[in-house]
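A structural walkthrough
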Amino acid sequence: MAVETTLSIIKPDATRRNLTGKINARFEESGLQIVAQKKIWLTRNQAEAFYEVHKERAFFDDLCNFMISGAVVVQVLQGENAIAENRKIMGATNPVNAEEGTIRRDFAENVEANSVHGSDSAENAKKEISFFFSELEIVG
Ligand code: CMP
């Protein structure tokens with residue numbers, strides 16, 4: 001097993017409901033370390049650039065509007081198999097399909113307001129981390 005880093009975003013539905021601490025506890029209790037973290041308010045351009053891979057999808061516009069509807073917490077998580085581990089802790093994209101005990105099952109409102117984002121591959125983790133953080137901001 002390898003130590004990896006992955007990008008996580010605590011989305012506006014969760015920051016609005018003051019759930020940052022509860023969500024961070026899920027990561028830490030699972031052995032992931034938060035090695036970088038900041039609270040920001042995305043611009044429309046940033047949201048569109050971050051989700052560019054989804055730009056042809058019907059939900060793209062709504063997704064971008066949602067992501068700029070409030071503050072987000074962007075963070076880098078580190079640990080053994082952090083990318084897959086984080087996806088397990090988050091649960092399925094749609095909370096209706098998420099397993100019991102996962103963040104999305106417990107906190108998400110719907111498929112759009114689904115509380116958290118996590119990178120889905122090593123390649124995307126690298127891209128997404130560098131979208132928000134410089135190397136100097138990551139303290140492992
Ligand atoms: P996320 O992991 O941030 O990646 C893309 C996001 O699009 C996804 O989580 C969902 O919140 C959002 N989304 C909205 N509608 C849909 C949909 N119908 N199918 C998949 N993702 C959706």
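Along each chain, residue indices are assigned from 1 in the same order as the chain's sequence is written. Only residues with pLDDT of at least 70 are given local features in this predicted model, and only at 80 or more are side-chain atom pairs given and counted; all residues enter the totals for whole chains, interfaces and linings. Working from all heavy atoms in the structure, the side-chain values ignore hydrogens and water.

**What to know about the sheet that holds strand β4 (residues 116-118)**
Two strands form a pair only when DSSP identifies at least two bridges running between them. For helices the rule is a DSSP run of H or I covering at least 4 residues; for strands it is a run of E covering at least 2, with both sets numbered from the N terminus onward. Taken together, 4 strands build an open sheet; the order of strands is β2-β3-β1-β4 and the sheet is antiparallel. Because the sheet does not close on itself, it has two edges, and the strands there are β2 (33-40) and β4. Between one strand axis and the next, the sheet turns by 20 degrees as a mean value, whatever way the strands run. Bridge analysis of β2 against strand β3 (residues 72-80) gives 7 bridges, and the strand direction is antiparallel. Of the residues in β3, the one forming a bridge with isoleucine 40 is valine 72. Contacts from helix α5 (residues 82-90) reach β1 (3-10), β3 and β4 within the one sheet, and its direction differs from that of β1 by about 35 degrees. Contacts were defined at the residue level, with two residues in contact if any of their heavy atoms lie within 4.5 Å. Axis definition: a line fitted to C-alpha atoms, limited for helices to the stretch in contact. Angles are taken between N-to-C directions and run from 0 to 180 degrees. Its contacts with the sheet place helix α7 (residues 122-132) against β1, β2, β3 and β4, and it is angled at close to 55 degrees to β1.

**So, the nonpolar core**
For our purposes a nonpolar core is just a set of buried Ala, Val, Leu, Ile, Met, Phe, Trp, Tyr and Cys residues, chained together by side-chain atoms within 4.5 Å. Working definition: with a 1.4 Å probe on protein chains only, accessible area under 20% of the residue-type maximum means buried, over 50% means exposed, and in between means partly exposed. Grouped together as the largest cluster of nonpolar side chains are 20 residues, with contacts concentrated most on Leu7, Ile9, Met67, Phe132 and Phe133. Among the secondary structure elements, those contributing two or more residues to this core are β1, β2, α3 (44-50), α4 (60-67), β3 and α7. Of the residues forming this core, the biggest block, 5 residues, is contributed by α4. Residues contacting phenylalanine 132, with those up to four places away along its chain left out, are Leu7, Ile9, Lys38, Ile40, Leu42, Phe50, Val74 and Glu137. Ranked by size, the runner-up nonpolar core spans 14 residues in total, among them Leu32, Ile89, Met90 and Phe107.

**Some details on the environment of histidine 117**
Along the polypeptide, histidine 117 turns up in strand β4. Taking the C-alpha atoms as reference, histidine 117 lies 14 Å from isoleucine 68; in sequence the two are 49 residues apart. Contacts of histidine 117, omitting those with residues within four sequence positions, involve Leu7, Ser8, Ile9, Lys11, Phe50, Tyr51, Met90, Arg104 and Glu128. A 3.5 Å cut-off defines polar contacts: any pair of N or O atoms within that distance qualifies, except that in protein one atom must be a possible hydrogen donor and the other a possible acceptor, and neighbouring residues in sequence count only when both atoms are side-chain atoms. Within polar-contact distance, the side chain of histidine 117 engages the side chain of glutamate 128 at 3.0 Å.

**What about unusual backbone geometry?**
Backbone geometry at asparagine 81 places phi at a positive 50 degrees, although glycine is not the residue there. Checked against the element boundaries, asparagine 81 lands in the loop between β3 and α5. Of note in the backbone geometry, serine 115 takes a positive phi value of approximately 70 degrees without being a glycine. As for its placement among the helices and strands, serine 115 is situated in the loop between α6 (103-107) and β4.

**Details of the pattern of salt bridges**
What makes a salt bridge here is a side-chain nitrogen of Lys or Arg within 4 Å of a carboxyl oxygen of Asp or Glu, nothing more. Taken as a whole and assessed by the stated rule, the structure comprises 9 salt bridges. Here aspartate 13 and arginine 17 are joined by a salt bridge, their closest N and O atoms 2.7 Å apart. When its relative accessible area of 33% is taken as the criterion, arginine 17 is described as partly exposed. Among the salt bridges present, the one from glutamate 100 reaches arginine 105, with a minimum N-O distance of 3.8 Å.

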